[in-house]
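As a plain string of letters, each chain reads:
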Amino acid sequence: MYAAAVVGLVLTVLGGCHRTTGTLSEEQQRRFEGEHIVRRAVDLLIRHTHDGGTRDAGWEEDDASIVVTEQSVVIHRGDRFRLEITPRSTGAYEVARDHDRLSLHTGSGKSAASWSFRPPDDAAGWADDIRKVIRGTVGTERRERGDGKEGQH
């Protein structure tokens, strides 16, 4: 009986130590609310693949959160942003959907990376909302005008 009580106490303490990845600073929260949050998911398992085609290629899986507003896509762990796409972004971005999994591809060539996750619901809707943000970036506008290759000014 004593051992069961100790195990229960330990599990309760450990459960209380879990820190969510969805915590944002007040300033960040105000920013996202001002941009009108369209989708939000907290503590998703996200696979980040990087350095494709190089000997440094690899991937990591970790919990992270994602916020999609009318203007931005942000993957973050707490108040630390791991990926941020805004209207000022100049990179190449693409979203691919395979059933209930989304892959957000960033960059090109050896600087390419991807962020793969399963949204909590409506994968098609998530993909559409992320594509709307991507279409509004400076990089997309520049490529559509034919102003040169990405990354050049």
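The structure contained in this document is the topic of the report that follows. (Residues numbered from 1 in each chain as written. Predicted model: local features only at pLDDT ≥ 70, side-chain atom pairs only at ≥ 80, totals over all residues. Heavy atoms only, no water.)

## Details of the pattern of salt bridges
Next up, step 1: This model, assessed by the stated rule, comprises 10 salt bridges.
Next up, step 2: Across the salt bridge formed by arginine 131 and aspartate 128, the nearest N and O atoms sit 3.6 Å from each other. Here the residue arginine 131 and the residue aspartate 128 both occupy positions in helix α3 (residues 123–135), the gap between them amounting to 3 residues, near one helical turn.
Next up, step 3: Salt bridges sharing partners connect three or more residues here, namely Arg39, Asp122, Asp129 and Lys132. (Salt bridge = Lys/Arg side-chain N within 4 Å of Asp/Glu carboxyl O. Helix = DSSP H or I, 4+ residues; strand = E, 2+ residues; numbered from the N terminus.)

## With respect to the pairing of strand β6 (residues 101–106)
Next up, step 1: Pairing analysis gives 6 bridges linking strand β5 (residues 93–98) to β6, with the strands arranged antiparallel. Bridging across to β6, aspartate 98 finds its partner in arginine 101.
Next up, step 2: Note that β6 and strand β7 (residues 113–117) share 5 bridges and pair antiparallel. Bridging from a neighbouring strand, threonine 106 pairs with alanine 113 of β7.
Next up, step 3: Here β6 folds back onto β7, and the loop between the two strands holds 6 residues, one of which, glycine 107, carries a positive phi near 70°. (Pairing = 2+ DSSP bridges.)

## A few points about the packing of aromatic side chains
Next up, step 1: All told, the structure shown has 2 aromatic pairs when counted by the stated rule.
Next up, step 2: Both rings, one in phenylalanine 32 and one in phenylalanine 81, keep their centres 6.1 Å apart while their planes meet at 25°; by these two values the pair is stacked. Of the two residues, phenylalanine 32 sits in helix α2 (residues 26–34) while phenylalanine 81 sits in strand β4 (residues 80–85), which places them 49 residues apart along the sequence.
Next up, step 3: Assessed through its relative accessible area of 25%, phenylalanine 81 is described here as partly exposed.
Next up, step 4: With centroids separated by 6.1 Å and ring planes inclined at 70°, the aromatic side chains of phenylalanine 117 and tryptophan 126 adopt a geometry described as edge-to-face.
Next up, step 5: In this structure, arginine 47 packs its charged tip against the face of tryptophan 59, placed 3.7 Å from the ring centre. (Phe/Tyr/Trp six-rings, centres within 6.5 Å; stacked < 30°, edge-to-face > 60°. Buried < 20%, exposed > 50% of the residue type's maximum accessible area, 1.4 Å probe, protein only. Lys NZ or Arg CZ within 6 Å of the ring centre and 35° of its normal.)

## With respect to the nonpolar core
The nonpolar side chains of soluble globular proteins are, as a tendency, buried together.
Next up, step 1: Ranked by internal contacts, the top residues of the largest apolar core, which has 22 residues, are Ile66, Val73, Leu102, Leu104, Phe117, Trp126 and Ile130.
Next up, step 2: Broken down by secondary-structure element, the contributors of at least two residues to this core are β1 (37–50), β2 (58–69), β3 (73–77), β4, β5, β6, β7 and α3.
Next up, step 3: Tallying contributions element by element places α3 first for this core, with 6 residues.
Next up, step 4: Sequence-distant contacts of isoleucine 130, that is, excluding residues within four places in its chain, are made with Val68, Val73, Val95, Leu102, Leu104 and Phe117. (Core = buried A, V, L, I, M, F, W, Y, C linked by side-chain atoms within 4.5 Å. Contact = heavy atoms within 4.5 Å.)

## Regarding the sheet that holds β3
Next up, step 1: The 7 strands lie next to each other as β4-β3-β2-β1-β7-β6-β5, forming an open sheet whose pairing is antiparallel. In this open sheet, the two edge strands, each paired with only one partner strand, are β4 and β5. Neighbouring strand axes in the sheet, compared pairwise and without regard to direction, differ in orientation by 30° on average. (Axes fitted to C-alpha atoms, helices over the stretch in contact; angles between N-to-C directions.)

## Topic: the side chain of serine 116
Next up, step 1: Residue position: serine 116 is located in strand β7.
Next up, step 2: By relative accessible area, which is 9% here, serine 116 ends up buried.
Next up, step 3: Apart from residues lying up to four places away in sequence, serine 116 is in contact with Leu45, Ile46, Arg47, Arg101, Leu102 and Ser103.

## Remarks on the environment of threonine 137
Next up, step 1: Assignment of secondary structure puts threonine 137 in the loop between α3 and α4 (138–145).
Next up, step 2: C-alpha separation for the pair threonine 137 and proline 87, spaced 50 residues apart in sequence, amounts to 4.1 Å.
Next up, step 3: Discounting residues that sit within four places of it in the chain, threonine 137 has contacts with Ile85, Thr86, Pro87 and Ser89.
Next up, step 4: At a separation of 2.9 Å, a polar atom in the side chain of threonine 137 contacts the main-chain carbonyl oxygen of isoleucine 134. (Polar contact = N/O pair within 3.5 Å; in protein donor to acceptor, adjacent residues only side chain to side chain.)

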